[in-house]
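# Observations on the model geometry
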Number of protein chains: 2
Amino acid sequence: MKPFSAPLDDILFSLNHVARAGSLPHWDGDLACEVGKHFAAFAEEQLAPLNEPGDRLGCRLEGGRVRMPEGFAEAYKAYAEQGWPGLTVPEQLGGQGLDGTVLAVTSEIFSGANHSLQMVTGLVPGAVSTLLSFGTAEQQARFIPSLASGEALATMCLTEPEAGSDLARIRCKGVLSGDCWSLTGEKIFISGGDQDMSDKIHHLVLARTSEEGVKGLSLFISPCTRADGSRNAISVTRIEEKMGLHASPTCQLAFDGAEAELIGEAGAGLRAMFTLMNHARVDVALQGVAHAARAFDIARGYAGERVQGRGPDGKPVTIDRHADVRRMLDEIDALALGGRAVAHLTLVAIEAGGDQDLAEFLKPVAKVFCTEAGMRAAELGMQVLGGYGYLREYGLEQIYRDARITAIYEGANGIHEKALVTRLLSGPAGRAFESFLVEECAARQSGAYKLDEALETWRGARDRIAESADPALWAHDFMSLTAATLVSCLWARMAEAADRHPDPRRIRRLADRALALRDGQAVFG
Amino acid sequence: MKPFSAPLDDILFSLNHVARAGSLPHWDGDLACEVGKHFAAFAEEQLAPLNEPGDRLGCRLEGGRVRMPEGFAEAYKAYAEQGWPGLTVPEQLGGQGLDGTVLAVTSEIFSGANHSLQMVTGLVPGAVSTLLSFGTAEQQARFIPSLASGEALATMCLTEPEAGSDLARIRCKGVLSGDCWSLTGEKIFISGGDQDMSDKIHHLVLARTSEEGVKGLSLFISPCTRADGSRNAISVTRIEEKMGLHASPTCQLAFDGAEAELIGEAGAGLRAMFTLMNHARVDVALQGVAHAARAFDIARGYAGERVQGRGPDGKPVTIDRHADVRRMLDEIDALALGGRAVAHLTLVAIEAGGDQDLAEFLKPVAKVFCTEAGMRAAELGMQVLGGYGYLREYGLEQIYRDARITAIYEGANGIHEKALVTRLLSGPAGRAFESFLVEECAARQSGAYKLDEALETWRGARDRIAESADPALWAHDFMSLTAATLVSCLWARMAEAADRHPDPRRIRRLADRALALRDGQAVFG
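An unreviewed UniProt entry lists chain A under the name Acyl-CoA dehydrogenase, from Roseibium marinum. What the UniProt record of chain A gives under Cofactor (unreviewed entry) is the line "FAD".

### A look at the overall build of chain A
Check the secondary structure of chain A and you find 16 helices and 11 strands. In summary, chain A has a C-alpha radius of gyration of 23 Å against a globular reference of 24 Å for 525 residues, a match within 12%. For chain A, the spread of C-alpha atoms along the principal axes amounts to about 80 × 55 × 40 Å. Counting over 525 residues, chain A shows a buried share of 62%. Here chain A has roughly 19400 Å² of accessible surface; of this, 50% comes from carbon and sulfur atoms.

### Overview of helix H1 (residues 8-18) of chain B
All names here are of chain B. Counting buried positions along H1 yields 8 of 11 residues, so the element is predominantly enclosed. Along H1, the residues that are buried comprise Leu-8, Asp-10, Ile-11, Leu-12, Phe-13, Ser-14, Leu-15 and Val-18. Positive backbone phi, approximately 55°, marks Arg-20, located one or two places after H1.

### Brief notes about the packing of helix H5 (residues 100-121) of chain B against helix H8 (residues 269-303) of chain B
Residues and elements named next belong to chain B. Look at H5 against H8: their axes get within 8 Å of each other, and the N-to-C directions meet at 80°. Classified by the angle their axes make, H5 and H8 are roughly perpendicular. Packed against H5, whose contacting residues are Leu-103, Ala-104, Ser-107, Glu-108, Ser-111, Gly-112, His-115, Gln-118 and Met-119, the element H8 presents His-279, Asp-283, Leu-286, Gln-287, Val-289, Ala-290, His-291, Ala-293 and Arg-294 at the interface. For the contact of H5 with H8, the class distribution of residues is 7 nonpolar, 8 polar and 3 charged.

### A closer look at the relation of the copies chain A and chain B
Turning chain A through 180° and shifting it by 0.0 Å along the axis lays it on chain B, with an RMSD of 0.0 Å. Such values leave the two copies arranged in the relation of a two-fold axis. The rotation axis passes nearest to the C-alpha of A:Arg401 in chain A, at a distance of 4.0 Å. Residue by residue, 100% of the interface of chain A is reproduced at the interface of chain B, so both copies engage with the same surface.

### What about H5(B)?
All names here are of chain B. Spanning 22 residues, H5 covers only 16 Å between terminal C-alpha atoms, well under the ideal 32 Å at 1.5 Å per step. Asn-114 marks the point of greatest bend in H5, at about 130°. Burial analysis of H5 places 22 of its 22 residues in the buried class, the great majority of the element.

### Some points on the domain arrangement of chain A
Residues and elements named next belong to chain A. You can read the domains of chain A as domain 1 (8-149), domain 2 (154-268) and domain 3 (413-525). Domain 1 and domain 2 are separated by 23 Å when their C-alpha centres are compared. Facing the 33 residues of domain 1 at the interface are 30 residues of domain 2. For the pair domain 1 and domain 2, the interface holds 3 salt bridges. A salt bridge links Glu-261 to Arg-142; the nearest nitrogen and oxygen atoms lie 2.7 Å apart. Applying the counting criterion to the domain 1 and domain 2 interface returns 13 residue pairs in polar contact (both at pLDDT 80 or more). At 6 residues, the largest contribution of residues to the side of domain 1 that touches domain 2 is made by helix H5 (residues 100-121). Class assignment of the residues belonging to the side of domain 1 that touches domain 2 gives a composition of 18 nonpolar, 10 polar and 5 charged.

### Focus on the interface of chain A and chain B
Between chain A and chain B, the residue contacts involve 63 residues of the former and 63 residues of the latter. Carbon and sulfur atoms supply 55% of the area buried between chain A and chain B, which totals about 5300 Å² over both sides. Note that A:Arg238 and B:Glu393 form a salt bridge whose closest N and O atoms lie 2.8 Å from each other. Taken together, the connections running from chain A to chain B amount to 34 residue pairs in polar contact (both at pLDDT 80 or more). Where the side of chain A that touches chain B is concerned, the elements lending two or more residues are strand E5 (180-191), strand E10 (307-310), helix H9 (323-351), helix H10 (357-385), helix H11 (396-404), helix H12 (413-424), helix H14 (452-466) and helix H15 (475-496) of chain A. In terms of residue count, H10(A) provides more of the side of chain A that touches chain B than any other element does, 6 residues in total.

### Thoughts on the packing of helix H8 (residues 269-303) of chain A against H10(A)
All names here are of chain A. One can describe the packing of H8 onto H10 by two numbers: an axis separation of 8 Å at closest approach and a directional angle of 20°. By the angle class used here, H8 and H10 are roughly parallel. Viewed along their axes, H8 and H10 form a crossing whose handedness is left-handed. Here the residues of the contact of H8 with H10 are counted per class, giving 17 nonpolar, 6 polar and 3 charged.

### Considering the environment of A:Asp9
Residues and elements named next belong to chain A. Inspection of the secondary structure assignment puts Asp-9 in helix H1 (residues 8-18). Along the primary structure Asp-9 and Pro-502 are separated by 493 residues, whereas in three dimensions their C-alpha atoms are 7.4 Å apart. Setting aside chain neighbours within four positions, we find Asp-9 in contact with His-501 and Pro-502.

### Focus: the UniProt feature "domain: Acyl-CoA dehydrogenase/oxidase C-terminal" (unreviewed entry) in chain A
Under the UniProt annotation, "domain: Acyl-CoA dehydrogenase/oxidase C-terminal" (unreviewed entry) lies at residues 267-424 of chain A. Spanning residues 267-424 of chain A, this segment combines 72% helix with 4% strand, and its end C-alpha atoms are found 24 Å apart.

### Focus: unusual backbone geometry
Residues and elements named next belong to chain A. In the Ramachandran plot, Arg-20 falls in the positive-phi region, its phi being about 55° despite a non-glycine side chain. Tracing the backbone through its elements, the reader meets Arg-20 in the loop between H1 and helix H2 (29-47). In this structure, Glu-410 is a non-glycine residue whose phi angle is positive, near 55°. Its place among the elements puts Glu-410 in the loop between H11 and H12. With a relative accessible area of 17%, Glu-410 lands in the buried category.

### Some details on the confidence of the model for chain A
Here chain A shows a mean pLDDT of 95. Residues at 70 or above account for 98%. The ipTM, which scores confidence in the relative placement of chains, is 0.96 for this predicted complex, and the corresponding pTM is 0.97.

### Quick word on the pairing of strand E9 (residues 250-262) of chain A
Residues and elements named next belong to chain A. Bridge count between E5 and E9: 9 bridges; the pairing is antiparallel. Paired with Lys-187 across the two strands is Leu-253, which belongs to E9. As defined by bridge partners, strand E7 (residues 217-223) adjoins E9 across 2 bridges and the pair is classed as antiparallel. Bridging across to E9, Ile-221 finds its partner in Glu-261. Relative to E9, strand E8 (residues 234-239) runs antiparallel, the two being bridged by 5 bridges. What sits directly across from Arg-238, in E9, is Gln-252.

Criteria and cut-off values
- Residues numbered from 1 in each chain as written.
- Chains lettered and ligands numbered in written order.
- Predicted model: local features only at pLDDT ≥ 70, side-chain atom pairs only at ≥ 80, totals over all residues.
- Heavy atoms only, no water.
- UniProt positions renumbered as here; feature names shortened; annotations may be inferred.
- Helix = DSSP H or I, 4+ residues; strand = E, 2+ residues; numbered from the N terminus.
- Rg over C-alpha atoms; globule rule 2.2 N^0.38 Å.
- Buried < 20%, exposed > 50% of the residue type's maximum accessible area, 1.4 Å probe, protein only.
- Areas by Shrake-Rupley, 256 points an atom, 1.4 Å probe, with all protein chains shown as cover.
- Axes fitted to C-alpha atoms, helices over the stretch in contact; angles between N-to-C directions.
- Parallel < 35°, antiparallel > 145°, perpendicular 65-115°, else oblique.
- Contact = heavy atoms within 4.5 Å.
- Nonpolar A, V, L, I, M, F, W, Y, C, P; charged D, E, K, R; others polar.
- Least-squares fit on C-alpha atoms with pLDDT ≥ 70 in both.
- Expected span 1.5 Å × (residues − 1).
- Bend = angle between axes of the 7 residues up to and from the residue.
- Domains from an automatic or database assignment.
- Salt bridge = Lys/Arg side-chain N within 4 Å of Asp/Glu carboxyl O.
- Polar contact = N/O pair within 3.5 Å; in protein donor to acceptor, adjacent residues only side chain to side chain.
- Buried area = accessible area lost by both parts, 1.4 Å probe.
- Left-handed = near helix turned anticlockwise from the far one by under 90°.
- pLDDT = per-residue confidence, 0-100.
- Pairing = 2+ DSSP bridges.

Encoded structure:
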């Protein structure tokens, strides 16, 4: 299998020159580059080599406790010792105080090297954000330093057997007795619900404190260990057998009067949970990007070495000389670059602060587009490898299996598509996105890449939806159109900034291809 | 997991009223129905229950021999005892003398119930055809009855480590010494290269008898056992670890001076092998259809029981009431019905005999469209099930893994796409397809389903390709357009014949949806 190689040049190009992170007051491109280099080296040397064995060995449930595959605990220890868990934690709470754009660099590389391990460690920044926004100063001081140091990991406990997309059906109960809350109920699909890497686990749990649908939900933090050092009443009742992510233990947890504390107000759990979920969603988008980039790297490497067929001169050629393989390689590459640009633009909008209207609109688009990109890239990458792609030893089939969950978890893609047309489009978020398109369009009145037609098509669709009796019927197609429109803008930015990339020809060629297709200059228009 | 249920009504509707098998002189719809009922019962009771355990247990290589998963040998024994291997074998050679259209009924059901086992048994009809076309009467009498009775199974040994899509690179050698040929070389990706179900295995092997590229290739039959009862010099050197089809042993075979006989002339191996491969390709198309139909059955069943969210009246609803889930279910259903119609039309064109021009054109279209349909249906089906779709126990993730290989084997889809534009389009095959479209169009001048625009778009694309310096560049897009055009015709046929289906409303609704999309009446035109 081709060793993992972090796509750092592409990532920095995307942040600096496509998503324009330089517009953020706190952005430091040199620092991001340094952090990226260090993390890339760590990921290539210590995380990526565990990816295939982790898939093969999987997690085991032994005596009620989860055992991670061999080597994972050691890798996590090194990760913690190097300070990576605290990257975005404020300095006064034990971290380095960097922001989400730098985290995007390490997070994508982590997912590309070892999606399973990233799953188990990746909720820490979101948990920290949630505690910073909704916890008391005392709670922040008590919980965050352990997350920053790596002593503790965090989980997100939402789903129940009867409550998946529909959180109003949550039955897990929070009961107040004296000063203490206790939780009773069952949670499923909890990534890292248990593991043997960190000393502690802080479970963030959505539970019912009254019978008022989603308004009766509260957010709790329930540590694996009580103040007196005894184990809290949280047990792992099973780990799921999944198609992929075998090294990420997906746990069914039973809370049996487990001690817990409220985070924020009772009944305001959904809002707090959305802070955590929103972070996770952009992270999932980056997982899709990571899979696309890794699929490209493997497929390109294979196609450059595999000799089949002959060229115009009658001599044997490597398969990257065949039109169909070139088409697939270009498409995979474009999916990775386009997806990354969307995810980074979203992150820059989040980090810009302010009203968050554009960020709200972009988050579901990034989640859907990037996860689809990862899946499609894995599919195409496997096709490039032919029969070898279907074998375990080439690594692409693991990407194909691992990437598939990203379209399902953190809100199934259909849920995000529906939110876009029913909740966001007609409000300030929709207007913010339109303004973004108008600006992109206006900036290109004299350039090679005109976007007027794309803007008009998007507006036309939006207006038709506004008149529709049931906007949900348009959700899927409108998401596709919105993503295509947004990606066109970002390809224009990429083309214009191509000289800032180490391989300008590659960027220009892919941009020309993407924009030609978008403007209806495609083969059979 | 939902028990397997054979989609017999859909299959018979498709053959009788969409592909119009009644135009074949030997077609007997009542007989096809009877055969289908018997095979459906057998598949539901004995083949399908082995599908999940077969995936979990896999095949093992023990002492140089392949062991199939538990229960497979017994199921094969019952299959042979009921006479299924001989379905298409001439009566005088021990079979029932039925044709490929009836085989399409059982073959699709078999693949839906247990793709892995179908892989191992499914080459028999193609091997019989090859022997009937190219073998001597003596060879036919010696080999075919054992295939008809189930005593023997057949393999197809083409691929070598350095020769995949490019058969000119084959190095396996056939050497004549006295009256006897012997084979020496390595073959990979041989489905059922060994197993413990049938007493004998007849290997059909493409090997080199001179150094003239593909003209130096000859087809051999090499039995697992020599005339004197000793084992032939063919050994299994490994079985591959694959993403799916774990109960289908994919073998690496070493031929070490193995006894063999020529089938047909020396140097004419490719033509003979194409008889076998062409059969296998339509069979692969039916595998795609089978996966789509099974994915639909599971997803529909789940969506009809899973309660999430509320309807317009505020009451909890099953998820098949949500727009996005309905969209996905309809798309899966349409992929199965559309794919099946394409595969059946191809089979009827083959069975019609005559010049085979239309059949030649349809075969690659069926292979590509139906395998893509199976993959896409599995992806959508998993999305309907959400997180449960990613778990082993619901069965969809196995479909997702098993279906993926169909776009790769029997000629990677890109190879078929290229053949369509570079080899078939400008010749009699392309003209036969155009005539087919013209007739379908003419038949609908006064009806509800006009196809004129689709025909003109297709012709325009063909003409542009004819003028192109490098038609291969258009291969992928032209295949998509051709498939879409063909499927439109077949949806028109389905709509017109809807009353012959037990559920006419379903057929009409899907046809209206498919044809509206095709005619540019889609959401955002």
